[in-house]
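Residues per chain, in single letters:
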Amino acid sequence: MRWRIRKCPECGRYTLKEVCPVCGAETKVAHPPKFSPEDPYGEYRRRLKKEILGIGVKK
Ligand SMILES: [Zn+2]
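Only a predicted model underlies this, so the values are computations on that prediction, with no experimental measurement involved.

The next subject is the overall build of the protein chain. Along its length, the protein chain carries one helix and three strands. Secondary structure elements of the protein chain occur, N-terminal to C-terminal, as β-β-β-α. When burial is assessed residue by residue, the protein chain has 24% of its 59 residues classed as buried. Sequence separation of 24 or more characterises 32% of the internal contacts of the protein chain that already satisfy a separation of 6 or more. When the accessible surface of the protein chain is summed, it comes to about 4,600 Å², and 49% of that surface belongs to carbon and sulfur atoms.

Right, here's the structure in full:
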């Protein structure tokens, strides 16, 4: 599954939404669009996923 993790440039909140749930600013894609087969960002993305799930964002 391909994640489209986004980050608020204002408060630094990670979210999957295009608008920050905290301050309402427009968010940016937080990770690079390309991935190597080794997936060096796997750990990074897992941490983001935990953080996102931790704040209770539901689909
Ligand atoms: Zn924000």
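Picking up after the structure, the text goes on.
In the first shell of the zinc ion, the protein supplies C8 (SG), C11 (SG), C20 (SG) and C23 (SG), at 2.2 to 2.3 Å from the metal. Take C8: its relative accessible area is 2%, and that puts it in the buried class. The partly exposed category is assigned to C11, whose relative accessible area is 41%.

A few words now on the side chain of R6. On the secondary structure map, R6 appears in strand β1 (residues 6-7). For the buried R6, which has no salt bridge, the nearest side chain bearing the opposite charge is E18, at an N-O separation of 4.9 Å. At 2.9 Å, the side chain of R6 and the side chain of T27 are in polar contact. Residues within four places of R6 in sequence aside, it is in contact with R13, Y14, T15, L16, K17, E18, T27, K28, V29 and A30.

About the cut-offs
- Residues numbered from 1 in each chain as written.
- Predicted model: local features only at pLDDT ≥ 70, side-chain atom pairs only at ≥ 80, totals over all residues.
- Heavy atoms only, no water.
- Helix = DSSP H or I, 4+ residues; strand = E, 2+ residues; numbered from the N terminus.
- Buried < 20%, exposed > 50% of the residue type's maximum accessible area, 1.4 Å probe, protein only.
- Contact = heavy atoms within 4.5 Å.
- Areas by Shrake-Rupley, 256 points an atom, 1.4 Å probe, with all protein chains shown as cover.
- Donors = N, O, S within 2.8 Å, 3.2 Å for Na, K, Ca; no water.
- Lys, Arg positive; Asp, Glu negative; His and termini not counted.
- Salt bridge = Lys/Arg side-chain N within 4 Å of Asp/Glu carboxyl O.
- Polar contact = N/O pair within 3.5 Å; in protein donor to acceptor, adjacent residues only side chain to side chain.

Shape is all these values report; function is a separate question.
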